[in-house]
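# Residue-level structure breakdown
One letter stands for each residue in the lines below.
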Amino acid sequence: MPGGIWRVCLVVITAIVNHPLLFPKENGTVPQNTEEIIQKMKEWEETLRLERLRLEQEIAEQEATQKALEKAEEVVEETKEEKDQWDMWTALSVVIFLLIEVWRQDFQEGNWQDTGGEEDDMAVLGKAFKGLAFPDKAILASFYEKRILGTTADMARMREMVEGFADDLLEALRSVCNRDADMEVEDCIGVGSMYENWRVRKPFVCDLIVPFAPPEPYCFRSQIWCSDDSLPPDEQGYGTIKVCRADEDVTGCICDKTKLGEDMLCLLHSQANTARPSSEMEDLLCFKNTQYLDADQVMKWFQIAITKAWNRISHKYEFDLSFSLLDSPGALKIKFKSGKSIAFNLTPVVQYKNSDVYFISHFPRRSLAADLPSSTHWFLTFAVYERRFIQLVSKTLPANACHVSCLQILSFLHGKQCNLTGPSGLTNYHLKTVMLHLLQARPSQDWAPEKLEARLQDMLKYLEKCLHEKKLYHFFIGNEKVPVELGFPMVFQRVEPLNLFRPFVLRRDIYRKTVDTFHEMLRNMSALINEYTVHIPLAHTNGIHKESL
């Protein structure tokens, strides 16, 4: 059975193999189709090969691009991390700097006058004093007695003579003026170093201010920088003066600000009161086409009035009177036939309300001071209160206190140094301001005459500190510790302190010149003092300052 089955299978296989459709004969058409198929297969193979190469190239480019993007992302991430770290440190540094600056400003504004206390507090400032030989008490006392003390009597005689002549001159001025049209002149007031007994440099010059007021029915209405927050820093310390009718509303009527119709009439002001010809205001010494008092016009009027007054009384005196300085319109000089002369300043001022603060038409200028913003801006002077403060404090100090002596010596040294090296940005007013600050800061017993050397060093170190910081605050403006007894206006105590050294920030050339002059003065101090000193026995030092100023 199995053998039969095998035979059947063999027959079937043989039949299939020999079937004509499976293996065609050689003369058939199949070989031609095979060559075409082979050709197409080769072409297709070539197409597939090219496509494979293209795909491989695209894949390689995509991989390269991907790697570049990954690398760029890594760089950006690193840069971002570094930038975040840098921004963090920068922000932290700025915050620390601002905190330090705010603390420094608060400390200075809160303690700008608390410079006294222990002498060790002043010792940390005197860097310029290292290596300098400071004159001892005996030399300073001898210098003061020989060079300065003898000038006090000369100042007293000169003040008496100038005041008497100025009163006579102003009385003559009133007589030549038209009482109905000209300004009304009051009595003169003596201010400055000659009346505070610390002037040492010759020639002696008396400073007199002359308050004046407009004729009726006009009045002055002033506005100070404190009342206008929009004023720039360079206009701080100034004010304007408006000439108004006494019955005029201070705030101004609406009829001045709006155009009324022809059939409308202001019930408060008649048309005659509101209409002011420009010539009328110019006669009142106002700036052209305004109601604001013009300092230049005032000085021209004052010079003409002084000339007329002198012509009326010149026959009574055996000397000549002339204007001495072109840049100082109020500077006058008395010339005697012997050749001697006496100089004094007579300057018109306007009183601020009912106080002893005055708007001054012309202020003696130094290299440090800036020019007035305009001729309608008036500088405020507190000279009367400064003199009054020195007199008030002097009553609480020991006998023959050394505060004036310190100021006189410092003024003398600075003046001599300026004669050698030329003028600097410092003025005697700055030196006096330093003394006023220390007078308020230090106890009364610290100004005993035997402490002259220590207090002089304090003034020099305080001045050095102010020059280094470019800050010397006005004594009265912004000072809430002014004694109540002075009756000083509160409006000036509540404002920000006024920095007298602000021009140093704007003018580096003047600042450098001032600092160099100050340091040169310190180096020459011993030589300058010794030049005018008579050496005295040591036993005589116990009797210094027995004479009053």
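Predicted, not measured: the structure shown is a model, and the values here were computed from it.

Turning to the overall build of the protein, a few remarks are in order. Along its length, the protein carries 15 helices and 10 strands. Partitioning the intrachain contacts of the protein with sequence separation of at least 6 by distance along the chain shows that 73% fall at a separation of at least 24.

A pair can form between side chains of opposite charge whenever their charged atoms are brought close. Within the structure shown, the criterion is met by 18 salt bridges. The residue aspartate 356 makes a salt bridge to arginine 388 at a minimum N-O spacing of 2.5 Å. In this pair, aspartate 356 is assigned in the loop between strand E8 (341-351) and strand E9 (358-360) and arginine 388 in helix H9 (residues 383-394), connecting sequence segments 32 residues apart. A salt bridge links aspartate 509 to arginine 507; the shortest N-O distance between them is 3.1 Å. Judged by its relative accessible area of 49%, aspartate 509 falls in the partly exposed class. What makes arginine 507 partly exposed here is its relative accessible area of 40%. Among the charged side chains, a network of salt bridges with common partners joins Arg442, Asp446, Lys451, Arg455 and Asp458.

Quick look at the packing of aromatic side chains now. Taken as a whole and assessed by the stated rule, the structure comprises 28 aromatic pairs. With a centroid separation of 5.5 Å and an interplanar angle of 75 degrees, the aromatic rings of tyrosine 238 and phenylalanine 379 are classed as edge-to-face. One end of the pair, tyrosine 238, is in strand E5 (residues 238-245); the other, phenylalanine 379, is in strand E10 (residues 378-381), with 141 residues separating them in the sequence. Centroid distance tyrosine 385 to phenylalanine 488: 5.1 Å. Interplanar angle 90 degrees. Geometry classified as edge-to-face. Of this pair, tyrosine 385 sits in helix H9 while phenylalanine 488 sits in the loop between helix H12 (452-469) and helix H13 (490-493); the two residues are 103 residues apart in sequence, bridging distant segments of the chain. Of the two residues, tyrosine 385 and phenylalanine 488, neither departs from the other in class, the shared state being buried. Members of the aromatic cluster, each reached through a chain of ring pairs, are Trp225, Tyr352, Phe359, Phe382, Tyr385, Phe389, Phe475, Phe476, Phe488 and Phe492. The ring centre of tyrosine 195 lies 5.9 Å from the NZ or CZ of arginine 159, which sits over that ring.

This part covers H12. A rise of 1.5 Å per residue sets the reference length of H12, with its 18 residues, at 26 Å; its end C-alpha atoms lie 26 Å apart and thus fit the reference within 8%. H12 sits mainly inside the fold: 14 of its 18 residues count as buried. Backbone geometry just after H12 places lysine 470 at a positive phi near 55 degrees.

Here the focus is a negative patch on the surface. The grouping of Glu70, Glu73, Glu74 and Glu77 at the surface amounts to a negative patch. With respect to the helices and strands, the residue glutamate 77 is situated in helix H2 (residues 30-111).

Let's shift gears to the state of the cysteines. Here the structure, examined in full by the defined rule, presents zero disulfides. Free cysteine cysteine 244: the closest other cysteine sulfur is in cysteine 219, separated by 5.8 Å.

Once that is clear, we can look at the pairing of E5. Here E5 lies mainly inside the structure; seven of its eight residues are buried. Where strand E4 (residues 218-224) and E5 come together, seven bridges link them in antiparallel fashion. Each residue of the ladder has a partner; that of serine 222, found in E5, is isoleucine 241. In the sheet, E5 pairs with E10 via two bridges, with the strands oriented antiparallel.

For the rest of this paragraph, the subject is helix H8 (residues 295-313). Along its 19 residues, H8 runs 27 Å from first to last C-alpha, staying within 8% of the 27 Å computed at 1.5 Å per residue. Inspection of H8 places Ala295, Val298, Met299, Trp301, Phe302, Ala305, Ile306, Ala309, Trp310 and Ile313 among the buried residues, and these make up the whole buried set. Take H8 and look down its axis: the buried residues cluster within an arc of 165 degrees, on one side only. Away from the buried face of H8 by more than 90 degrees, exposed residues Lys300 and Asn311 are located.

Attention now moves to the confidence of the model for the protein. Summing up the model confidence of the protein, the mean pLDDT is 79 and the portion of residues at 70 or higher is 72%. Within the model, pLDDT remains below 50 along residues 22-31, and this stretch shows three contacts once partners closer than five positions in the same chain are excluded.

Our focus in this paragraph is the environment of threonine 376. When you line up the elements, threonine 376 lands in the loop between E9 and E10. For threonine 376, a relative accessible area of 14% translates into the label buried. Considering only alpha carbons, one finds threonine 376 and threonine 290, 86 residues apart in sequence, at a separation of 9.8 Å. Here threonine 376 is in contact with Gly239, Thr240, Phe287, Tyr292 and Leu293, once residues within four sequence places are set aside. Side-chain polar atoms of threonine 376 contact the side chain of serine 374, separated by 2.9 Å.

The next thing to look at is the nonpolar core. If you look at the biggest cluster of nonpolar residues, it comprises 113 residues, and the most contacted ones within it are Leu169, Leu293, Phe344, Leu346 and Phe492. With residues near it in sequence (within four places) discarded, leucine 346 still touches Ala166, Leu169, Leu170, Leu208, Val210, Phe302, Ile306, Gly330 and Leu332. Counting seven residues, the second-largest nonpolar core is a separate cluster that includes Val191, Ile360, Ala383 and Val384.

Before going further, it helps to examine the pairing of strand E3 (residues 205-213). Taken across its nine residues, E3 has seven buried, putting it largely inside the fold. By the bridge criterion, two bridges tie strand E1 (residues 184-185) to E3 in an arrangement that is antiparallel. Within the sheet, the bridge partner assigned to valine 185 lies in E3 and is phenylalanine 212.

Within the secondary structure, isoleucine 241 is located in strand E5. Considered as a pair, isoleucine 241 and aspartate 294 are 53 residues apart in the sequence and their alpha carbons are 8.5 Å apart. Ignoring any residue separated from it by four or fewer positions in sequence, one finds isoleucine 241 in contact with Phe220, Arg221, Ser222, Gln291, Tyr292, Leu293, Val350, Phe359 and Trp378.

The subject of this paragraph is the side chain of glutamine 408. By secondary structure assignment, the location of glutamine 408 is in helix H10 (residues 403-421). Within the structure, the side chain of glutamine 408 is placed 3.0 Å from the side chain of tyrosine 144, a separation counted as a polar contact.

Time to look at unusual backbone geometry. That bond from lysine 202 to proline 203 is cis: its omega, 5 degrees, falls within 30 degrees of zero. Following the sequence through the fold, proline 203 ends up in the loop between strand E2 (189-191) and E3. Cis geometry is adopted by the peptide bond preceding proline 217, which originates at glutamate 216 and carries an omega value of 10 degrees. Looking at where proline 217 falls in the secondary structure, it is placed in the loop between E3 and E4. Here the phi dihedral of asparagine 197 falls at roughly 65 degrees; this positive angle occurs in a residue that is not glycine. Tracing the chain through its elements places asparagine 197 in the loop between E2 and E3. Positive phi values are uncommon outside glycine, yet asparagine 400 reaches one of about 55 degrees. Secondary-structure assignment places asparagine 400 in the loop between H9 and H10.

Rules and cut-offs
Residues numbered from 1 in each chain as written. Predicted model: local features only at pLDDT ≥ 70, side-chain atom pairs only at ≥ 80, totals over all residues. Heavy atoms only, no water. Helix = DSSP H or I, 4+ residues; strand = E, 2+ residues; numbered from the N terminus. Contact = heavy atoms within 4.5 Å. Salt bridge = Lys/Arg side-chain N within 4 Å of Asp/Glu carboxyl O. Buried < 20%, exposed > 50% of the residue type's maximum accessible area, 1.4 Å probe, protein only. Phe/Tyr/Trp six-rings, centres within 6.5 Å; stacked < 30°, edge-to-face > 60°. Lys NZ or Arg CZ within 6 Å of the ring centre and 35° of its normal. Expected span 1.5 Å × (residues − 1). Patch = residues over 30% accessible without salt bridge, like charges linked within 9 Å, V, L, I, M, F, W, Y side chains within 5 Å. Areas by Shrake-Rupley, 256 points an atom, 1.4 Å probe, with all protein chains shown as cover. Lys, Arg positive; Asp, Glu negative; His and termini not counted. Charge placed at Lys NZ, Arg CZ, Asp CG, Glu CD. Disulfide = S-S within 2.5 Å. Pairing = 2+ DSSP bridges. Arc of directions from axis to C-beta. pLDDT = per-residue confidence, 0-100. Polar contact = N/O pair within 3.5 Å; in protein donor to acceptor, adjacent residues only side chain to side chain. Core = buried A, V, L, I, M, F, W, Y, C linked by side-chain atoms within 4.5 Å.

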